[in-house]
Amino acid sequence: MKKLFLITLLVLSASAVYCQFMGNSNYLAPVYFSENNIDVQNPANGDVLITVKGMANVKADAYVAIFSVTQQAETAEEVNKLMDERINQALQLINLKPNVETYIDMITFVPVFEYEVTKKKFSRKTYNEIPIGFELKKNIHIKFTNPNQLNEFIQILSTVEIYDLVRVDYFAAQMDSIKMELSERAQIILK
């Protein structure tokens, strides 16, 4: 009788049990780059859907290289002074290059802590945070037109111990006309 009751209970509870079959994949937000997609009107009859994709190989007109700079020191004044010295020394050489623009932006300015182990009466070890200084992070944005200049910028920045190239963005001035041309060609192919 116990076995029959147990089997019946298992069968009835099995219908109420749900399992996770996708893992965390359904929580990941898909990345869409809508600014790069060109919408072409679909045919009036919804029975057939035809997709046309196009790609244009465009030479970049300008580039923006972003370098990250981190500096640590014991006081706020010292960290700012050291950071400004490094950046200004590099910018003096970079701004001598033709067709180059620079911009500096601040990322973080936070205190830095160290842990001190102390013994207390009822616990063996207690970790206490002790401020030991400050950390300052800034980005250097360098806009240039000649892609061969990137190596020169890396050499200049490495002399002041700036090594972290975050990324290089590429820009084309005639992007709107290129998108229009792709749209027109997609409509011709669609017809």
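Rules behind the numbers
The written sequence of each chain sets the order in which its residues are numbered from 1. Given that the model is predicted, a residue must reach a pLDDT of at least 70 before its local features are reported, and side-chain atom pairs must reach 80 or more before they are shown or counted; all residues, however, enter totals for whole chains, interfaces and linings. Based on all heavy atoms of the structure, the side-chain values leave hydrogens and waters out of the count. Working definition: helices are DSSP H or I runs of at least four residues, strands are E runs of at least two. Numbering for both runs from the N terminus. To estimate the expected span of a helix, count its residues, drop one, and scale the result by 1.5 Å. Per-residue accessibility, obtained with a 1.4 Å probe over protein chains only, is compared with the maximum for each type, and a residue is labelled buried under 20%, exposed over 50%, and partly exposed between these values. Here, the arc refers to the directions that run from the helix axis to the C-beta atoms. Any Lys or Arg side-chain nitrogen located within 4 Å of an Asp or Glu carboxyl oxygen qualifies as a salt bridge. Strands pair, by our definition, only if DSSP identifies at least two bridges between them. Here an axis means a line fitted to C-alpha atoms, over the contact stretch when the element is a helix, while the angle between two N-to-C directions is reported on a 0 to 180 degree scale. Confidence per residue, as judged by the predictor, is encoded in pLDDT with a range of 0 to 100. Only heavy atoms enter the contact rule, under which two residues are in contact if any of them lie within 4.5 Å. Distance and chemistry together define a polar contact, namely a pair of N or O atoms within 3.5 Å, with one atom able to donate a hydrogen and the other to accept it when in protein, and with adjacent residues in sequence counting only for side-chain atoms on both sides.

S.K.: I'd like to hear about helix H2 (residues 76-94), residue by residue, with values.
M.R.: A rise of 1.5 Å per residue sets the reference length of H2, with its 19 residues, at 27 Å; its end C-alpha atoms lie 27 Å apart and thus fit the reference within 8%. By the burial criterion, the buried members of H2 are Val79, Met83, Arg86, Ile87, Ala90, Leu91 and Ile94. What you see down the axis of H2 is that its buried residues fit within an arc of 125°, all on one side. Every exposed residue of H2 that faces more than 90 degrees away from the buried side is listed here: Glu77, Lys81 and Gln92.

S.K.: Lay out the environment of leucine 91 in plain terms, naming residues and giving numbers.
M.R.: Following the sequence through the fold, leucine 91 ends up in helix H2. Note on leucine 91: relative accessible area 12%, which makes it buried. In sequence terms leucine 91 and tyrosine 103 are 12 residues apart; their C-alpha atoms lie 9.7 Å from each other.

S.K.: Now, about the pattern of salt bridges: what can you tell me, with residues and values included?
M.R.: Inspection of the entire model under this criterion finds 5 salt bridges. A salt bridge links lysine 81 to glutamate 85; the nearest nitrogen and oxygen atoms lie 3.8 Å apart. One end of the pair is lysine 81 and the other is glutamate 85, both in helix H2 and 4 residues apart, which spans about a single turn. Among the ionic pairs, lysine 138 bridges to aspartate 84, the shortest N-O distance being 3.6 Å. On the criterion of sequence distance, the pair formed by lysine 138 in strand S3 (residues 126-144) and aspartate 84 in helix H2 is long-range, its members being 54 residues apart. For lysine 138, a relative accessible area of 13% gives the class buried.

S.K.: Would you mind going over the sheet that holds S3 in detail, with residue names and values included?
M.R.: Here we have 4 strands laid out as an open sheet, ordered S2-S3-S1-S4, and antiparallel in their pairing. Each having just a single partner strand, strand S2 (101-118) and strand S4 (164-171) make up the two edges of the open sheet. Direction aside, neighbouring strands of the sheet carry axes that sit 20° apart on average. Bridge count for S2 against S3 is 17 bridges, and the pairing is antiparallel. Bridge pairing in S3 links tyrosine 115 to glutamate 129.

S.K.: Let's hear about the confidence of the model for the chain: which residues, and what values?
M.R.: Overall, the predicted model of the chain reaches an average pLDDT of 81, with 76% of residues at or above 70. In this model residues 17-25 is a low-confidence stretch, pLDDT under 50, and it forms 0 contacts with partners more than four residues away in sequence or in other chains.

S.K.: Pulling in residues and values, what's your account of the side chain of histidine 141?
M.R.: With respect to the helices and strands, the residue histidine 141 is situated in strand S3. Judged by relative accessible area, histidine 141 falls into the buried class, the value being 19%. Side-chain polar atoms of histidine 141 contact the side chain of aspartate 105, separated by 3.2 Å.

S.K.: Describe the environment of tyrosine 115, and please don't skip the residues or the numbers.
M.R.: Secondary-structure assignment places tyrosine 115 in strand S2. Take tyrosine 115: its relative accessible area is 55%, and that puts it in the exposed class. On a C-alpha basis, the gap between tyrosine 115 and proline 131 in space is 8.8 Å, while along the polypeptide they are 16 residues apart. Among the polar contacts made by the side chain of tyrosine 115, one reaches the side chain of glutamate 129 at a distance of 3.4 Å.

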